[in-house]
12 protein chains.
Amino acid sequence: MSQTIFILNGPNLNLLGTREPEIYGATTLKDIEAECASHCKSNGWTCDFRQTNSEGELVSWIQEAGVGGAALLINAGAYTHTSVALLDAIKSLDIPVIEVHLSNIFRREEFRHHSYVSLAATGVICGFGATGYRLALDAAGSQLSGNV
Amino acid sequence: MSQTIFILNGPNLNLLGTREPEIYGATTLKDIEAECASHCKSNGWTCDFRQTNSEGELVSWIQEAGVGGAALLINAGAYTHTSVALLDAIKSLDIPVIEVHLSNIFRREEFRHHSYVSLAATGVICGFGATGYRLALDAAGSQLSGNV
Amino acid sequence: MSQTIFILNGPNLNLLGTREPEIYGATTLKDIEAECASHCKSNGWTCDFRQTNSEGELVSWIQEAGVGGAALLINAGAYTHTSVALLDAIKSLDIPVIEVHLSNIFRREEFRHHSYVSLAATGVICGFGATGYRLALDAAGSQLSGNV
Amino acid sequence: MSQTIFILNGPNLNLLGTREPEIYGATTLKDIEAECASHCKSNGWTCDFRQTNSEGELVSWIQEAGVGGAALLINAGAYTHTSVALLDAIKSLDIPVIEVHLSNIFRREEFRHHSYVSLAATGVICGFGATGYRLALDAAGSQLSGNV
Amino acid sequence: MSQTIFILNGPNLNLLGTREPEIYGATTLKDIEAECASHCKSNGWTCDFRQTNSEGELVSWIQEAGVGGAALLINAGAYTHTSVALLDAIKSLDIPVIEVHLSNIFRREEFRHHSYVSLAATGVICGFGATGYRLALDAAGSQLSGNV
Amino acid sequence: MSQTIFILNGPNLNLLGTREPEIYGATTLKDIEAECASHCKSNGWTCDFRQTNSEGELVSWIQEAGVGGAALLINAGAYTHTSVALLDAIKSLDIPVIEVHLSNIFRREEFRHHSYVSLAATGVICGFGATGYRLALDAAGSQLSGNV
Amino acid sequence: MSQTIFILNGPNLNLLGTREPEIYGATTLKDIEAECASHCKSNGWTCDFRQTNSEGELVSWIQEAGVGGAALLINAGAYTHTSVALLDAIKSLDIPVIEVHLSNIFRREEFRHHSYVSLAATGVICGFGATGYRLALDAAGSQLSGNV
Amino acid sequence: MSQTIFILNGPNLNLLGTREPEIYGATTLKDIEAECASHCKSNGWTCDFRQTNSEGELVSWIQEAGVGGAALLINAGAYTHTSVALLDAIKSLDIPVIEVHLSNIFRREEFRHHSYVSLAATGVICGFGATGYRLALDAAGSQLSGNV
Amino acid sequence: MSQTIFILNGPNLNLLGTREPEIYGATTLKDIEAECASHCKSNGWTCDFRQTNSEGELVSWIQEAGVGGAALLINAGAYTHTSVALLDAIKSLDIPVIEVHLSNIFRREEFRHHSYVSLAATGVICGFGATGYRLALDAAGSQLSGNV
Amino acid sequence: MSQTIFILNGPNLNLLGTREPEIYGATTLKDIEAECASHCKSNGWTCDFRQTNSEGELVSWIQEAGVGGAALLINAGAYTHTSVALLDAIKSLDIPVIEVHLSNIFRREEFRHHSYVSLAATGVICGFGATGYRLALDAAGSQLSGNV
Amino acid sequence: MSQTIFILNGPNLNLLGTREPEIYGATTLKDIEAECASHCKSNGWTCDFRQTNSEGELVSWIQEAGVGGAALLINAGAYTHTSVALLDAIKSLDIPVIEVHLSNIFRREEFRHHSYVSLAATGVICGFGATGYRLALDAAGSQLSGNV
Amino acid sequence: MSQTIFILNGPNLNLLGTREPEIYGATTLKDIEAECASHCKSNGWTCDFRQTNSEGELVSWIQEAGVGGAALLINAGAYTHTSVALLDAIKSLDIPVIEVHLSNIFRREEFRHHSYVSLAATGVICGFGATGYRLALDAAGSQLSGNV
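The sections below set out a description of the structure shown in this document. Values in this document were obtained by computation on a predicted structure and should not be read as measured data.

Things to note about the interface of chain E and chain C
1) Next: Taken together, the contact between chain E and chain C spans 27 residues of the former and 27 residues of the latter.
2) Next: Counting each side, the surface lost to burial between chain E and chain C is near 2100 Å², with a carbon and sulfur contribution of 58%.
3) Next: Where chain E touches chain C, the interface holds zero salt bridges.
4) Next: Taken together, the connections running from chain E to chain C amount to 14 residue pairs in polar contact (both at pLDDT 80 or more).
5) Next: For the side of chain E that touches chain C, the elements supplying multiple residues, two or more each, are β5 (123-126) and α6 (131-145) of chain E.
6) Next: Per-element accounting of the side of chain E that touches chain C gives the leading share, seven residues, to α6(E).
7) Next: In terms of residue class, the side of chain E that touches chain C is built from 13 nonpolar, eleven polar and three charged.
8) Next: Summarising the sheet, strand β5 (residues 123-126) of chain C and β5(E) pair through three bridges and their orientation is antiparallel.

Points about the interface of chain A and chain B
1) Next: Taken together, the contact between chain A and chain B spans 27 residues of the former and 27 residues of the latter.
2) Next: For the pair chain A and chain B, the two sides together bury roughly 2100 Å², of which 58% comes from carbon and sulfur.
3) Next: Between chain A and chain B we count zero salt bridges in total.
4) Next: At the boundary of chain A with chain B, the tally comes to 14 residue pairs in polar contact (both at pLDDT 80 or more).
5) Next: Among the elements of the structure, β5 (123-126) and α6 (131-145) of chain A are those that each provide at least two residues to the side of chain A that touches chain B.

Regarding the layout of surface pockets
1) Next: The space that makes up the second largest pocket amounts to roughly 1200 Å³.
2) Next: Lining of the second largest pocket is provided by 39 residues; of these, B:Arg108, B:Glu109, B:Glu110, B:Phe111 and J:Glu110 occupy positions nearest its centre.
3) Next: The residue makeup of the lining of the second largest pocket, split by class, is twelve nonpolar, 15 polar and twelve charged.

Details of the sheet that holds strand β5 (residues 123-126) of chain L
Adjacent strands of a sheet pair through backbone hydrogen bonds, lying either parallel or antiparallel.
1) Next: The strand order across the open sheet built from ten strands is β2(J)-β1(J)-β3(J)-β4(J)-β5(J)-β5(L)-β4(L)-β3(L)-β1(L)-β2(L), with neighbouring strands paired in mixed fashion. A strand with exactly one partner marks an edge of an open sheet, and here the two such strands are β2 (45-51) of chain J together with β2 (46-51) of chain L. Across the sheet, the mean angle from the axis of one strand to that of its neighbour is 20 degrees, orientation sign disregarded.
2) Next: Relative to strand β3 (residues 71-75) of chain J, strand β1 (residues 3-9) of chain J is paired through five bridges, and the arrangement is parallel. Of the residues in β3(J), the one forming a bridge with J:Asn9 is J:Asn75.
3) Next: Here helix α2 (residues 29-43) of chain L sits on the sheet and contacts β1 (4-9) and β2 of chain L; the angle it forms with β2(L), its principal contact strand, is near 165 degrees.

Digging into helix α3 (residues 55-68) of chain E
One full turn of an α-helix is made of 3.6 residues, so residues set three or four places apart face in the same direction.
Residue and element names in this part refer to chain E.
1) Next: The terminal C-alpha atoms of α3, which comprises 14 residues, lie 20 Å apart, in line with the 20 Å expected from a rise of 1.5 Å per residue.
2) Next: Along α3, the residues classified as buried are Glu55, Gly56, Leu58, Val59, Trp61, Ile62, Gln63 and Ala65.
3) Next: Between the side-chain oxygen of the N-cap and the backbone nitrogen of glycine 56 there are 3.3 Å, and the N-cap of α3 in question is serine 54.

Section: the sheet that holds strand β1 (residues 4-9) of chain B
1) Next: Strands sit in the order β2(A)-β1(A)-β3(A)-β4(A)-β5(A)-β5(B)-β4(B)-β3(B)-β1(B)-β2(B) across an open sheet of ten strands; the sheet is mixed. Only two strands of the sheet have a single neighbouring strand rather than two, namely β2 (46-51) of chain A together with β2 (46-51) of chain B. The average angle at which neighbouring strand axes cross in this sheet is 20 degrees, direction not considered.
2) Next: Taken together, the three bridges between strand β3 (residues 71-75) of chain A and strand β4 (residues 97-101) of chain A define a ladder with parallel strand orientation. Paired with A:Ile74 across the strands is A:Glu99, a residue of β4(A).
3) Next: Across the sheet, helix α3 (residues 55-68) of chain A lies against β1 (4-9), β2 and β3 of chain A, angled at about 170 degrees from β1(A), the strand it touches most.
4) Next: Those strands touched by helix α6 (residues 131-145) of chain B are β5 of chain A together with β1, β2, β3 (71-75), β4 (97-101) and β5 (123-126) of chain B, and its axis lies near 155 degrees from that of β3(B).

Structural notes on the relation of the copies chain A and chain B
1) Next: Of the two same-sequence chains, chain A is brought onto chain B (RMSD 0.0 Å, axial shift 0.0 Å) by a rotation of 180 degrees. Overall, the copies show the geometry of a two-fold rotation axis. No C-alpha of chain A lies nearer the rotation axis than that of A:Ile125, which sits 2.3 Å from it.

Thresholds, definitions, all that
- Counting restarts for each chain, with residues numbered from 1 along the sequence as it is written.
- The lettering of chains begins at A and the numbering of ligands begins at 1, in the order of writing.
- Per-residue local features of the predicted model are confined to residues with pLDDT of at least 70, and side-chain atom pairs are confined, for both listing and counting, to 80 or more; whole-chain, interface and lining totals are unaffected and use all residues.
- Each side-chain value is worked out from all heavy atoms of the structure, with water and hydrogens disregarded.
- Only heavy atoms enter the contact rule, under which two residues are in contact if any of them lie within 4.5 Å.
- By convention, the term buried area covers the 1.4 Å-probe accessible surface removed from two parts as they join, with the contributions of both added.
- The working definition used for a salt bridge is a side-chain nitrogen of Lys or Arg within 4 Å of a carboxyl oxygen of Asp or Glu.
- Nitrogen and oxygen atoms within 3.5 Å of one another constitute a polar contact, given that in protein one can donate a hydrogen and the other can accept it, and given that sequence-neighbouring residues count only through two side-chain atoms.
- Numbering of helices and strands runs from the N terminus, with a helix taken as a DSSP run of H or I at least four residues long and a strand as a DSSP run of E at least two residues long.
- Any residue that is not Ala, Val, Leu, Ile, Met, Phe, Trp, Tyr, Cys, Pro, Asp, Glu, Lys or Arg is counted as polar, Gly included; the first ten are nonpolar and the last four charged.
- We call two strands paired when DSSP finds no fewer than two bridges between them.
- Of the two site types, the cavity is a set of points on a 1 Å grid over the protein atoms alone where a 1.4 Å probe fits but cannot get out, and the pocket is an open set with protein on both sides within 12 Å along at least five of seven lines, each lined by residues with an atom within 4 Å of a point.
- Grid points are joined across faces, edges and corners, and a volume is the space filled by probe spheres set on the points.
- Axis definition: a line fit to C-alpha positions, over the contact stretch in the case of helices; interaxial angles, taken between N-to-C directions, run 0 to 180 degrees.
- Multiplying 1.5 Å by the residue count of a helix minus one yields the expected span of that helix.
- Remark: exposure states derive from per-residue accessible area (1.4 Å probe, protein chains only) relative to the maximum for the residue type, with buried under 20%, exposed over 50%, and partly exposed in between.
- Least-squares fitting of one copy onto the other uses the C-alpha atoms of those residues that reach a pLDDT of at least 70 in both copies.

Quick look at the structure:
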């Protein structure tokens with residue numbers, strides 16, 4: 001049976017392509033989901049791609065990834081910077097966790113420089129727009145194959 | 001003529017594979033150079049891979065990359081956290097700059113959480129060991145091709 | 001067709017009139033809704049007045065206001081001080097956003113002095129109890145009419 | 001009619017017994033619920049034991065406790081450290097509120113040393129694992145009987 | 001006899017309409033005075049509208065308002081952020097004090113986010129340009145009539 | 001031979017019942033000692049209950065508890081917040097250490113929110129007045145019996 | 001010729017006896033002036049007692065004291081906490097400078113705990129109400145007589 | 001029976017006259033005691049003058065003053081800056097407490113600018129050398145006579 | 001008509017030559033004015049040289065410079081470090097503004113290291129005593145001639 | 001007559017060899033005393049070696065060393081980090097003062113990085129276990145002989 | 001023999017005229033060197049003008065200036081903000097040291113507001129572009145001639 | 001073959017004996033080298049004594065010590081306080097590392113109180129001038145012989 005990669009997206013990412021395009025670009029979340037699904041498929045993985053504005057739902061989905069997933073990609077949006085609950089959920093996992101951000105969060109406001117997700121993630125990829133998701137899938141693949 | 005990708009490595013990275021392997025793994029910098037060279041070659045790029053313990057030399061090399069390079073990958077090691085000079089050198093470039101770290105710097109000591117390089121880099125990749133360099137080359141390729 | 005003013009209320013505001021009346025007064029949220037509806041009506045606006053204890057729902061409602069609303073009044077309650085997600089949602093809007101607080105938050109605990117909402121709102125009105133909503137509606141009207 | 005004790009549990013506590021057992025032990029939340037129910041029964045109380053990953057739901061349940069409960073035990077998990085909304089909800093109650101944590105939060109990361117819940121709770125019990133719930137019930141009993 | 005509303009303006013506000021119009025707009029202080037006077041007149045109030053660059057004079061005028069005024073509107077300009085003397089003067093009053101700012105001070109430099117005036121004012125209105133003065137007069141009216 | 005529980009009390013606790021009764025209640029330290037002794041007796045433990053105003057004596061007593069005691073209850077009073085010496089003494093023990101405070105220290109002045117004792121104690125109980133000592137004895141019993 | 005003692009009072013002290021009597025008492029500044037004059041007279045000194053709300057005037061008066069005065073008593077009111085200009089003026093003097101405050105400023109808001117005046121004054125007397133002026137005169141006398 | 005004034009001196013004050021005379025002067029503690037005794041006598045008070053290097057003893061003596069004393073003068077030396085235990089002891093008193101320091105502590109190292117004693121003392125006198133004790137006795141007299 | 005250079009001096013600078021000569025030297029403000037006037041004359045400029053101890057007057061003079069001046073030299077003395085009002089006044093100018101200090105403020109107390117004036121000035125010259133004014137005039141000349 | 005070297009040890013050092021041996025080693029304080037005595041003897045010095053858990057006693061002993069000692073070695077244990085009283089006592093000495101710590105305090109918790117003792121000691125030796133005492137004696141000898 | 005003025009330039013200044021011209025202008029370092037040489041010549045000085053990206057080389061050059069130079073002009077670039085080594089080197093000199101910056105560093109990022117060089121330099125000139133070097137030479141001349 | 005002790009000295013230490021003798025004394029680095037060589041010889045060790053102003057060279061030398069050295073003595077001068085690169089190099093060693101400073105860095109400026117070297121060194125010796133090097137050699141000998 002194929003491995004499932006969870007790709008979880010946090011608050012306001014549903015607006016992608018419309019919100020502040022000078023920061024996040026014109027690509028929509030649908031576009032990214034399509035590219036991820038295609039990239040997963042070519043690797044023989046199942047892609048479980050979701051978005052929510054709710055911190056609690058994100059926590060529950062991370063727990064779900066811990067049960068049924070082979071790896072987790074997470075772009076937690078604004079919750080990245082404020083949610084200890086996400087950190088705790090991720091710490092309960094023993095699968096690779098790749099943190100992704102579209103923008104380079106370190107070139108933005110000070111309060112976006114700190115990430116609770118980073119404290120538990122395997123690694124971080126940020127600043128490459130939608131391409132970051134593909135790179136993150138490759139990173140996950142590398143982790144899964146043990147070729148690190 | 002092929003494009004040149006500069007891959008610059010900072011202090012103590014020459015020790016890779018021997019220093020604190022529980023953090024940095026057993027791969028040597030030679031191994032990484034070989035993989036980068038090979039990956040570059042398959043993309044039709046020239047790979048200019050260097051290491052130095054000197055902050056000033058790193059500054060000069062970054063300037064050099066600004067003149068002759070198509071993209072810059074930089075793992076500035078400890079200078080990442082202390083060098084405004086690196087930041088200034090990178091700000092003078094108008095090519096993609098990819099910051100790489102072998103370890104997830106956000107899971108280490110507090111003083112490693114801040115990066116002057118990040119303030120000017122296009123994006124950041126950290127926590128994936130030697131694989132991070134290959135991902136960074138892919139990120140550079142994506143930037144160069146305009147497929148972001 | 002008449003313009004819609006969204007008036008969104010955050011956590012614990014459903015308790016208004018019962019919780020800590022020495023700070024928030026005896027007026028209930030129902031009372032405020034009635035006054036807002038009446039005031040909107042007299043201005044020819046539709047009033048969409050809601051309350052939730054959920055940060056995620058508040059984010060979604062703000063997004064909704066961005067699509068169908070002419071202006072947004074928001075009393076985000078405690079999320080005011082902790083939610084970057086609200087900030088991001090509000091930044092995606094291009095309609096007037098009026099931040100309202102019943103109490104003067106600057107005369108209360110230190111952690112209530114900072115507002116993420118303020119970083120993106122058009123303006124702020126606080127300390128006037130239920131009257132603040134009516135003033136905020138007038139401010140919105142002023143913004144909408146261009147008489148600033 | 002018997003008094004109802006609300007026992008509310010926050011994010012990730014549903015993982016108890018599986019997540020990081022070196023910190024939280026092997027007891028599951030079901031085990032704790034059973035022990036609480038039994039302990040309540042022997043005191044002639046009704047036990048209303050719940051868990052949620054949602055901050056908003058936790059706020060609503062606290063409000064509910066304020067209406068129908070005789071006392072509130074709360075282990076708010078990660079929201080302990082970040083949620084002003086919980087604080088506001090608890091401040092609206094006039095029943096005893098006992099804050100419980102399985103681990104001694106003061107021996108963990110710095111960001112777990114601050115609790116918004118503590119600012120309004122009657123008292124705090126932490127570091128005694130599942131036993132802490134039983135102690136908290138006894139504390140609640142002491143408060144209810146006026147034997148403080 | 002009609003009630004007097006004091007409207008006191010601090011340093012540099014005499015430049016209004018010429019200084020940094022991208023922040024403060026093109027309206028002059030004379031325009032605002034005229035509108036305030038008219039709005040007061042229609043409410044049956046006397047309007048005492050002044051401006052000074054002197055902190056000490058502002059202190060004296062606030063004291064004067066405490067003796068002869070029914071309410072105080074104050075836009076203390078830069079002294080807002082640095083003057084404990086203003087705070088002390090305002091604390092000596094027992095009439096409604098409305099703090100007004102033309103711009104949303106929370107979207108500007110960090111040192112403008114703190115206001116000594118707010119620590120004693122009844123409420124705050126900021127970010128609505130000249131309209132803010134009219135809203136503040138309405139807020140004062142509401143306070144004076146007891147309809148809060 | 002019966003196990004000895006050390007119950008050590010720090011500075012000013014001898015004033016209990018007279019000092020600031022609105023914070024600490026009317027119970028005297030003698031009352032607490034009596035209740036502790038009785039509770040210990042019913043558990044088959046010997047109770048060694050002491051009070052001192054001297055930090056150094058408290059350190060020595062903690063060391064003594066480490067030699068002859070089965071568990072330590074400690075209400076270090078004001079030394080809780082300032083004494084690294086206490087921390088070091090407690091770290092030298094390998095018996096359960098229960099920190100007790102009569103008041104909820106987190107609802108008092110900022111400088112009472114930090115406890116050096118907590119950094120080494122098994123757990124903390126605060127805010128329940130004299131009842132806290134009894135709960136702490138129960139906690140100790142639970143630790144000693146291995147039923148955690 | 002008799003020596004002159006300058007007694008300078010800062011902003012809002014003219015309100016004494018009316019403003020916040022629970023902090024400052026019912027004595028007026030006139031009362032204090034009378035007592036100071038009398039006390040000076042009995043010591044054979046001339047008393048030059050003044051009050052101003054203006055920081056600049058206070059600076060000028062301090063300079064004046066430096067020329068014609070034997071000692072300076074200063075209650076700088078709110079400027080105590082914010083005025084480097086006062087500090088500089090006082091540093092230019094080579095006569096005894098006694099800082100006086102009616103209230104104990106260390107039991108009030110945090111921002112009143114720091115005094116620029118203290119950094120250059122000979123000594124500080126605070127918390128004794130109007131009596132503090134008399135004590136300060138005695139302190140000045142002691143300084144002038146060399147009996148320190 | 002005459003009233004007793006407690007005058008308590010903290011660590012290293014026994015060295016007075018020998019330690020760092022450029023800061024503390026050449027007067028010995030014996031000299032000060034003699035002057036205080038004489039000044040007390042002329043006021044009809046008994047003078048109980050003590051010195052200790054022990055924080056705990058100082059706490060006990062403060063408690064003693066609370067029982068048998070009419071007023072307390074305290075120069076807590078270095079414990080001024082570090083002892084919450086002193087603060088708690090002083091808070092338990094309901095007699096006037098005058099804090100004295102020989103030097104102006106605000107002109108010395110940063111860590112001497114904060115005083116726990118000040119948080120509970122009636123008032124503070126510092127910077128006048130041995131004269132400060134006499135002024136403090138006068139201040140105490142003023143408090144006792146109600147002429148404040 | 002010749003261009004006017006405003007040279008504005010803040011609090012205590014009237015004391016120059018007498019106050020703390022080890023820091024500020026023996027030159028008086030009159031000497032500096034004479035040298036500036038002479039230097040201006042040789043450049044064909046009118047020199048408007050003033051001093052005040054009043055922050056408000058300084059604000060007004062800066063505004064005046066904005067209307068009639070070709071350039072502004074300002075030594076704001078102690079207001080440099082505390083006055084947002086000066087900053088705002090300077091920001092309203094569109095002529096060169098040269099900040100001058102006699103001493104090197106960065107070798108003095110910490111609170112003199114920050115300058116509100118610097119945030120809006122064209123440039124800063126400090127540490128060269130009276131010579132700094134002549135250098136500043138040359139800098140102004142360079143700005144006015146476009147030879148930067 | 002031979003010179004006396006005071007070697008003073010602070011709280012919990014009596015536990016040496018039993019407490020946290022992974023940090024402090026297995027050597028007991030008796031062992032260290034023996035080695036110090038022997039090393040002193042071979043240098044012709046008298047060794048006065050003491051330990052106390054009391055801060056006040058440590059202060060008194062330091063004063064004693066100032067009277068009768070030729071040099072002071074001090075391992076103040078936890079009081080190192082919190083005691084201004086120790087600092088003051090040491091500042092009163094004019095003999096060499098050598099601060100010793102068994103462990104490298106800079107590799108331990110943050111609050112152990114600051115030492116009040118260091119602010120007045122001649123020099124510091126830490127991290128070499130019991131050997132540090134012998135090195136400190138040699139350092140003292142070097143100081144006493146003037147061969148620095 | 002003529003006096004030599006050392007003019008040392010730090011990292012990235014070799015890029016002048018190409019790097020971020022909106023901040024640093026279009027003038028190249030060669031242009032500045034030419035102007036400095038010319039200005040020196042007309043004053044009868046020898047000009048030793050250098051640039052390096054190496055912190056260590058800058059330290060060595062400063063030492064060299066201490067031996068053979070009459071004055072030092074230094075634009076340490078980014079090392080200004082991070083190098084204690086530069087500070088130490090400059091502190092070893094007893095010739096005038098003039099710190100120069102092309103831009104007004106106080107209008108840029110926060111981390112550029114602090115300068116280690118300023119802590120030891122005679123004075124600072126910044127914000128006047130290339131003109132600053134000429135002003136600095138004049139300042140040096142003034143220092144050398146004793147006309148300060 | 002004899003063991004080699006590396007003794008590495010950082011920036012400005014070549015100035016020893018000339019730079020700020022009131023802090024560092026009159027001994028030159030040559031003197032220290034001679035004494036170290038002699039002391040090493042008498043212990044049967046080879047002494048490799050070097051100095052550089054370059055951070056990068058220091059890093060390389062530390063790495064060299066890790067390969068061929070038995071122990072490392074390092075006085076990193078100013079880089080002590082700023083260089084994470086030194087820390088990383090030292091962390092790669094598994095030989096004893098002794099940090100030496102001539103002066104007691106804790107009695108100097110605040111920014112000299114933190115040492116990156118200390119975070120990885122075996123121990124620290126500071127404040128004993130040139131004697132410190134000899135003590136450090138003894139400490140190294142003790143480490144090498146296992147007599148710690």
